[in-house]
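# Chains, contacts and geometry: an overview
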Amino acid sequence: MFGRKKQHVPQKQIDSLIGASTTIEGDVDFVGGLRVDGRVKGHIRSSNAGPSTLVISEKATVDGEIRVSHVVVDGSVNGPIYASEYLELLPNARVTGDVSYRTLEMQVGAVVDGRLLHMHQETAEVVELKRIGSGD
C-alpha cells in the first residue's frame, strides 16, 4: 500500500554529441543520451519508450519542441519542453515556452518565460462526495 513508486533511472551515458560549432536544421530523434553544445533548429525527441537523457550545455540553443524523459538545461530553449520523468534547470537555463515535468529541479538564476505544468503519474479518478445524516 505504501510501497515505493517505480522511478525511471536516467540514461547516464551520452551516446551522441552535437558539437559547439555545429548547427542542425531539422528534427533530431535519438536513443540513449544526447548532449547539445551547438544549435538545433527543430524538435528533439527520444525515439523509444526507454529512459533517455538530453543535456543542453551553457552555450547551446534549441529552437523547437523537446520530448525526452530526462532533460538537463543550462543553455537556451525556445519552445516547449516535455520531460516525462525529470527536468533540471541549471543557473544559465533560459526557456521561452511552457515546461511540463514530473519532477523538477530549478537552480537559482534559471529563467522560464512560460508556464510550469506538473504531470501526474497516475490519472485522477473523479470522487463524488455525499452528505450523510443532514436530512437533505
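As the structure is a prediction and not an experimental result, all values here were calculated from the model. (Residues numbered from 1 in each chain as written. Predicted model: local features only at pLDDT ≥ 70, side-chain atom pairs only at ≥ 80, totals over all residues. Heavy atoms only, no water.)

Averaged over all residues, the pLDDT of the protein chain equals 86, while 80% of them reach at least 70. When the criterion is pLDDT under 50, residues 1-6 qualifies, and its contacts beyond four places in sequence or with other chains add up to 2 contacts. Across residues 123-130, confidence stays below pLDDT 50; counting only partners more than four residues off in sequence or on other chains, it has 0 contacts. (pLDDT = per-residue confidence, 0-100. Contact = heavy atoms within 4.5 Å.)

Here the focus is the sheet that holds strand β2 (residues 23-25). Reading across the sheet, the 6 strands line up as β2-β5-β8-β10-β12-β14 and stay open at both edges, with parallel pairing between neighbours. Pairing within the sheet leaves two strands with one partner each, and these edge strands are β2 and β14 (111-113). Neighbour-to-neighbour, the strand axes of this sheet turn through a mean angle of 5°, independent of strand direction. As judged from the 3 bridges shared by strand β10 (residues 76-78) and strand β12 (residues 94-96), these two strands associate in the parallel manner. Bridge pairing in β12 places Val77 opposite Val95. (Pairing = 2+ DSSP bridges. Helix = DSSP H or I, 4+ residues; strand = E, 2+ residues; numbered from the N terminus. Axes fitted to C-alpha atoms, helices over the stretch in contact; angles between N-to-C directions.)

For strand β9 (residues 66-73), the buried fraction is high: 7 of the 8 residues fall into the buried class. Sheet analysis places strand β6 (residues 44-46) next to β9, joined by 2 bridges and oriented parallel. Following the sheet pairing, Ile44 is matched in β9 by Ile66. Here 4 bridges tie strand β7 (residues 53-56) to β9, and the two strands are oriented parallel to one another. (Buried < 20%, exposed > 50% of the residue type's maximum accessible area, 1.4 Å probe, protein only.)

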